[in-house]
Amino acid sequence: MTSSQTSTKPDALASLNLQGQHSAVIGIQYGDEGKGQIVDVLGAHFDVVARYNGGANAGHTVIIGDQKFALHLIPSGIMCPDALNVVGNGVVIDPAQILKEIDGLVERGIAIGENLKISNRAHVVLPYHKVQDVLYDQAMAKAKGSEPIGTTGRGIGPCYADKALRTTAVRMGELLRIDELETKIQRIVSIKNTILEALAKTCDQPFEQLDANAIFADLKDQAIRLAPHITDTSVLLHDAMDDGKKILCEGANATMLDIDHGTYPFVTSSNCSSLGIYAGSGLPGGTIKNIIGIVKLYTSRVGEGPFPSELLNETGETIRQQGNEFGTTTGRPRRTGWLDLVSVRYASKLSGVTTFACTGLAVLAGLKTIKLCVGYRLDGKVIDNTLPANAGDLARAEPIYEEFEGFADPIGECQRYEDLPPQARAYVERVQELLGTRIAMVCVGRRRDQILVCPNK
Ligand code: IMP
């Protein structure tokens, strides 16, 4: 890679006014806002990049020059040579997946060694979790009166469920005492086989008994390779703080998918808003001073769930194609729609956003009109400052739009915010006005050098 391919605009970081404090990058919508790009750029200015939630359901894309890296479990800071990358206790880890990711990165010249640490308290996603995930959604799709979630099938929900159940859970630290794990795996697999066989019957799916010996044998091999990375990452983070090092937390998934505060039950199984940072990393409450909220200037959503500003028409398809809105993790086409400022405002308050970075502006180029959802009409009332807690109510909400003139030209090569077409700036500035918090950056593409700094007004 040449230096110009990897360069970032020098004032991009200064524009965030982070004042050298611990910070977090959080998705404010339904995921896929482009967090990886921002973490990658910021990572170079922090000593530690930490993930605190989610698992391989997340897909963070980092583009460096002409190379594209899709990360699922490893923090995006791995591209920054000097950053320590921490996978915190709140993450659920599929050992096969993280090893695949490590191998892929090493093959492409990214060094992985002491720069990657994995919490000994993080939970392990095992093959039966993935089987359960898929069967459960199939069973819900078949049963009367219930709906599937449309999960990623990565075993996320079942693994977090086992974490809560405790007796059928496995933590990464147990891989360091692998011989003690053999009988436990046999016991758990026997229970899972009974449950999964019954579940498969309810949705007429074939079921092949899982082989505990094979699962344990794989785990034993994986444990040998992962052992050097597994440690008490809470202590690591505390020591880093004591040494004056700066920490950047990378949220996976996004605030509207938060298990407590998102569009339940159409959410993921972790606290992916900034509220999950402390429980999922071991950092003391209140450590993080800057919350950078990532907002895509339209909306996308994968899987089921309410989406008032969804576009089920040609414009939605145009956005999908122009934005390449196909899942990084599953390849599924994403649902697309206009930016929903009601949910963005709600999610920003929850995550305590101090500054916004916006992505996706270039995707809107060529649209004649751009719409912005500024409120909902529900049961004869106008809602603009909160979100119905009930997913069914939210699904019935009718969007209230403001309309903006579109901009025709591609904007990917604009060098400064001022170079953007006036229509594009008018849209961004109205979004900022309605959010009441500064938009510090606008991305006009996914490369490191396509981040424009917005004026502070
Ligand atoms: P799960 O996390 O695989 O259980 O999926 C639950 C819901 O969250 C599904 O609708 C997924 O499509 C969605 N989801 C989970 N993680 C992400 C993400 O990182 N981006 C977008 N959607 C996600």
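These figures come from a predicted structure and were not determined experimentally. Residues take numbers from 1 onward in each chain, read along the sequence in its written order. At least 70 in pLDDT is required for a residue's local features to be given in this predicted model, at least 80 for side-chain atom pairs to be given and counted, and no such filter applies to totals for whole chains, interfaces and linings, which use all residues. Values shown for side chains rest on all heavy atoms present in the structure; no hydrogens or waters enter the calculation.

Focus on the packing of helix α4 (residues 95–107) against helix α8 (residues 212–226)
When two helices pack together, their arrangement is given by the angle between the helix axes and the distance between those axes. What counts here: The convention used is that axes are lines fitted to C-alpha atoms, helices contributing only their stretch in contact, and that angles between N-to-C directions extend from 0 to 180 degrees. The helix and strand labels rest on DSSP assignments: H or I over at least four residues marks a helix, E over at least two residues marks a strand, and numbering proceeds from the N terminus. Small angles under 35 degrees read as roughly parallel and large ones over 145 as roughly antiparallel, with 65 to 115 read as roughly perpendicular and the rest as oblique. Crossings are sorted by hand: turned counterclockwise from the far helix by less than a right angle, the near helix makes the crossing left-handed, and turned clockwise it makes it right-handed. Two residues qualify as a contact provided that any one of their heavy atoms is within 4.5 Å of a heavy atom in the partner residue. Classification convention: Asp, Glu, Lys, Arg as charged; Ala, Val, Leu, Ile, Met, Phe, Trp, Tyr, Cys, Pro as nonpolar; all other residues, Gly among them, as polar.
One can describe the packing of α4 onto α8 by two numbers: an axis separation of 10 Å at closest approach and a directional angle of 45°. Classified by the interaxial angle, the pair formed by α4 and α8 is oblique. Helix-helix and strand crossings are classified by hand; for α4 and α8 the assignment is left-handed. On α8, the residues touching Pro95, Ala96, Ile98, Leu99, Ile102 and Asp103 of α4 are Leu219, Gln222, Arg225 and Leu226. Here the contact of α4 with α8 is composed, by residue class, of 7 nonpolar, 1 polar and 2 charged.

A look at the environment of Asn120
Note the cut-off: Three exposure classes are used, based on accessible area relative to the maximum for each residue type with a 1.4 Å probe and protein chains only: buried under 20%, partly exposed in between, and exposed over 50%.
Topologically, Asn120 is positioned in the loop between β7 (116–119) and β8 (123–124). For Asn120, a relative accessible area of 23% gives the class partly exposed. Remark: the alpha-carbon pair of Asn120 and Gln205, spanning 85 residues in sequence, is separated by 36 Å.

Digging into the domain arrangement of the protein chain
When the parts of a complex come together, some accessible area is lost, and that lost area is often used as the size of the interface. Rules: The split of the chain into domains comes from an automatic or database domain assignment. What counts as buried area is the accessible surface, traced by a 1.4 Å probe, that two parts surrender upon association, with contributions from both included. Between Lys or Arg on one side and Asp or Glu on the other, a salt bridge is scored when a side-chain nitrogen of the former is within 4 Å of a carboxyl oxygen of the latter.
Taken as a whole, the protein chain is organised into domain 1 (11–119 + 232–453) and domain 2 (123–229). In this structure, domain 1 and domain 2 have C-alpha centres spaced 29 Å apart. Taken together, the contact between domain 1 and domain 2 spans 35 residues of the former and 23 residues of the latter. Between domain 1 and domain 2, the buried area comes to about 2400 Å², and carbon and sulfur atoms account for 57% of it. The largest per-residue losses of area from domain 1 upon contact with domain 2 belong to Val92, Pro95 and Leu99, which jointly make up 23% of the total buried on that side. At the junction of domain 1 with domain 2, the criterion picks out 2 salt bridges. Residues Lys130 and Asp94 are paired through a salt bridge, measuring 2.7 Å at the closest nitrogen-oxygen approach. The set of elements that each furnish at least two residues to the side of domain 1 that touches domain 2 consists of β6 (92–93), α4 and β7. Here the side of domain 1 that touches domain 2 gets 7 residues from one element, more than from any other, and that element is α4.

Observations concerning α8
For the α-helix, the turn length of 3.6 residues means that residues three or four positions removed from each other point alike. Filter applied, for reference: Under the convention used throughout, the expected extent of a helix is 1.5 Å for every residue step, that is, one less than its residue count. Throughout, the arc means the angular range of directions from the helix axis out to the C-beta atoms. Here a polar contact means two N or O atoms within 3.5 Å. Within protein one must be a hydrogen donor candidate and the other an acceptor candidate, and residues neighboring in sequence count only if both atoms are side-chain atoms.
A rise of 1.5 Å per residue sets the reference length of α8, with its 15 residues, at 21 Å; its end C-alpha atoms lie 20 Å apart and thus fit the reference within 8%. Every buried residue of α8 is listed here: Ala212, Ile215, Phe216, Leu219, Gln222, Ala223 and Leu226. Projected onto a plane normal to the axis of α8, the buried residues spread over an arc of 130° and lie on a single side. Looking at the buried residues of α8, the elements they touch are α4, β7, α5 (127–142), α7 (182–202) and β9 (230–231). Put simply, Asp211 is the residue that caps the front of α8, since its side-chain oxygen is 2.9 Å from the backbone nitrogen of Asn213.

Here's the deal with the site of the ligand
Stated formally: Near, as used in this document, describes a residue that has one of its heavy atoms within 4 Å of the molecule or strand being considered. Only the protein chains shown count as covering a residue, and every accessible area follows the Shrake-Rupley method with a 1.4 Å probe. Using only the protein atoms, space was sampled on a 1 Å grid; points where a 1.4 Å probe fits but cannot get out form cavities, open sets with protein on both sides within 12 Å along at least five of seven lines form pockets, and lining residues are those with an atom within 4 Å of a point. More than half of a molecule's atoms lying within 2 Å of a cavity's or pocket's grid points is what places that molecule inside it.
In the neighbourhood of the ligand, 16 residues make up the surrounding shell, with Asn57, Thr152, Thr268, Val302 and Arg332 lying closest. Residue Gly150 places a main-chain N or O atom 3.4 Å away from an oxygen atom belonging to the ligand. Here an oxygen atom of the ligand sits 2.6 Å away from a polar atom, N or O, in the side chain of Thr152. Contact with the protein chains covers 97% of the free accessible surface of the ligand, which is 470 Å². Counting atoms within 2 Å of the grid points, the majority share of the ligand lands in the largest pocket. Of the residues in the shell around the ligand, the class split is 6 nonpolar, 8 polar and 2 charged. Of the domains in this structure, domain 1 (11–119 + 232–453) and domain 2 (123–229) are the two that each give at least three residues to the shell around the ligand.

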